[in-house]
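Fold and geometry: a report
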Amino acid sequence: MKRDTLCVKETADEPSRPVNVPAYFSSTYHLDDEAYDRIETGEGRRSYVYSRWRNPTVAALENKMAKLENGESAIATASGMAAIASLMLSFLGEGDELVTSRELYGGTFSFIEKELRSLGIGIRYVDCTSPDDVAAAITDDTGLLFFESVTNPLLRVVDIPELASIAHDHGLPLVVDATFASPINQQPLRLGADVVVHSTSKYIGGHSDLIGGIIVASEETCDDIWGTMTRYGGCLDPHPAFLLLRSLKTLHLRMAAHNGNAMALARSLENHEKVEQVWYPGLPSHPQHSLAKQILEGYGGMITFRITGGDRDGIRFMRSLNVASEAASLGGVETLVSMPFNTSHSYLTGEERAAIGILPGTIRLSVGVEHIDDLKEDIMQALDAM
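Residues numbered from 1 in each chain as written. Predicted model: local features only at pLDDT ≥ 70, side-chain atom pairs only at ≥ 80, totals over all residues. Heavy atoms only, no water.

This part takes up the overall build of the protein. Check the secondary structure of the protein and you find 15 helices and 12 strands. Compactness check: the protein gives a C-alpha radius of gyration of 21 Å against a globular reference of 21 Å for 386 residues, within 12% of the reference. Structurally, the protein occupies a C-alpha span of about 70 × 50 × 35 Å along its principal axes. For the protein, the proportion of its 386 residues judged to be buried stands at 55%. The long-range share in the protein, meaning contacts at least 24 apart out of those at least 6 apart in sequence, stands at 73%. Between the mean site of the 32 positive side-chain charges and the mean site of the 52 negative ones, the protein shows a separation of 5 Å. (Helix = DSSP H or I, 4+ residues; strand = E, 2+ residues; numbered from the N terminus. Rg over C-alpha atoms; globule rule 2.2 N^0.38 Å. Buried < 20%, exposed > 50% of the residue type's maximum accessible area, 1.4 Å probe, protein only. Contact = heavy atoms within 4.5 Å. Lys, Arg positive; Asp, Glu negative; His and termini not counted. Charge placed at Lys NZ, Arg CZ, Asp CG, Glu CD.)

Further remarks concern the side chain of Thr-200. Inspection of the secondary structure puts Thr-200 in the loop between strand S6 (195-199) and strand S7 (213-217). Beyond its immediate chain neighbours, meaning those up to four positions away, Thr-200 contacts Gly-205, Leu-210, Gly-212, Gly-213, Ile-214 and Leu-244.

For the rest of this paragraph, the subject is the sheet that holds S7. If you trace the 7 strands from one edge of the open sheet to the other, you get S1-S7-S6-S5-S4-S2-S3, paired in mixed fashion. Two strands close off the open sheet at either side, each with one partner strand: strand S1 (73-77) and strand S3 (122-125). On average, each strand axis in the sheet is tilted by 20° relative to the strand beside it, whichever way the strands run. One ladder, built from 4 bridges, connects strand S2 (residues 97-100) with S3; its direction is parallel. In the sheet register, Thr-100 faces S3, and the bridge partner there is Tyr-125. Along the sheet face, helix H9 (residues 219-232) touches S1, S6 and S7 and points at about 20° away from the line of S1. (Pairing = 2+ DSSP bridges. Axes fitted to C-alpha atoms, helices over the stretch in contact; angles between N-to-C directions.)

For the rest of this paragraph, the subject is a negative patch on the surface. Among the surface-exposed residues, Asp-32, Asp-33, Asp-37 and Glu-40 lie close enough to one another that they form a single negatively charged patch. Tracing the sequence through the fold places Asp-32 in the loop between helix H1 (3-8) and helix H2 (33-40). (Patch = residues over 30% accessible without salt bridge, like charges linked within 9 Å, V, L, I, M, F, W, Y side chains within 5 Å. Areas by Shrake-Rupley, 256 points an atom, 1.4 Å probe, with all protein chains shown as cover. Salt bridge = Lys/Arg side-chain N within 4 Å of Asp/Glu carboxyl O.)

For the rest of this paragraph, the subject is the side chain of Thr-108. Take Thr-108: it is sitting in helix H5 (residues 106-116). Residues within four places of Thr-108 in sequence aside, it is in contact with Met-81, Ile-84, Met-88 and Phe-146.

Using the criterion set out here, one finds 5 aromatic pairs in the structure. Between Trp-53 and Trp-226, the ring centres sit 6.0 Å apart and the planes meet at 75°, which makes this aromatic pair edge-to-face. Here Trp-226 lies in helix H9 and Trp-53 lies in the loop between H2 and helix H3 (56-68), a separation of 173 residues in the sequence. Sitting over the ring of Tyr-105, Lys-202 keeps its end group 5.8 Å from the ring centre. (Phe/Tyr/Trp six-rings, centres within 6.5 Å; stacked < 30°, edge-to-face > 60°. Lys NZ or Arg CZ within 6 Å of the ring centre and 35° of its normal.)

The next point concerns the state of the cysteines. On inspection of all chains with the given rule, the structure shows 0 disulfides. Among the cysteines around Cys-222, which has no disulfide bond, Cys-235 carries the closest sulfur, lying 16 Å off. Exposure remark for Cys-222: the relative accessible area of 0% places this residue in the buried category. (Disulfide = S-S within 2.5 Å.)

This brings us to a nonpolar patch on the surface. Residues Leu-31, Tyr-36 and Ile-39 make up a contiguous nonpolar surface patch of about 260 Å² in total accessible area. Here Tyr-36 shows up in helix H2. Look at Tyr-36 and you get partly exposed, because its relative accessible area is 46%.

Glancing now at helix H4 (residues 80-91). The end-to-end C-alpha distance of H4 is 17 Å, a good match for the 16 Å that 12 residues give at a rise of 1.5 Å each. Summarising burial for H4: 9 of the 12 residues are buried, a large majority. Burial in H4 covers these residues: Gly-80, Ala-82, Ala-83, Ile-84, Ala-85, Ser-86, Leu-87, Met-88 and Leu-89. (Expected span 1.5 Å × (residues − 1).)

Structure representation (structure tokens):
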């Protein structure tokens, strides 16, 4: 099936043959000899014993996400951070090193700095757009390479095929956080990555009404990560799993609208006199535009731009908006606007933000699916009002 059809199609393993997979609100299940055998042989993940291990609604979501990402298996988690924590703790232990970038979601960076370091895991930060820099950072202690495919917030595009080649030459796994791309705009496993992770709170959920995460990889890799996830208790509840199954049915339609609206807005912003710089992979001015054309099927709904002035001017701009809402997070049907200095990257000092290119006046825009004319008018009137 094509991806659009995979998004929509559901099959419920029920005698009543419902069109939609129901939400199974049960923490435990009747046991039989087959279940006992699977528990005894370490196959509890494949049997319905306890919903921290497996739930029918959650399993349906995992199966659909594995298909959309061209993977063998998937693990749904309670949040994007539960997914990232589970996989990192599965791959890394005391004495190992992680090769990654400072251009990460704030929660990921905080987990790396506060949790991984406390466990005796070393961190090597590199320029994610330089394969040579990545290769030079690998040592005998390296256990994992982790990168965002489109970085937060400056939307740098990572060369997944090249980094996968480097990782595999050293016998190492490459994990890619593709939250900003979604499975519609990019499938990292097809490009050579070993594991792909998403915060399903964002585009996959798409309505700013749930928290969740997903990991997609080989069956063997997911078995290992599943063990870590269940021990730390990061399982997904069946209610958000049900909502995610609902949301997936329109993911391809929503992403088309996000992609189109963001491209139109990025072009308008680039031509505005009060905008100093625009980062959007679909613009020819983007440093990795040529790479983006090769490895992205759509450029996404995220735009980052810097206005003339500073952070106070950025706040005044956001407070002048009528259609867009000043709020954290991204990927919903509504347009959201925020500033990295006091949200996603508030954990960095001003000097540290400047070192990776986040200067005063930098604004992150999650473009929704409203009518493009209304969005343009709203953004332009707020800029003109500065």
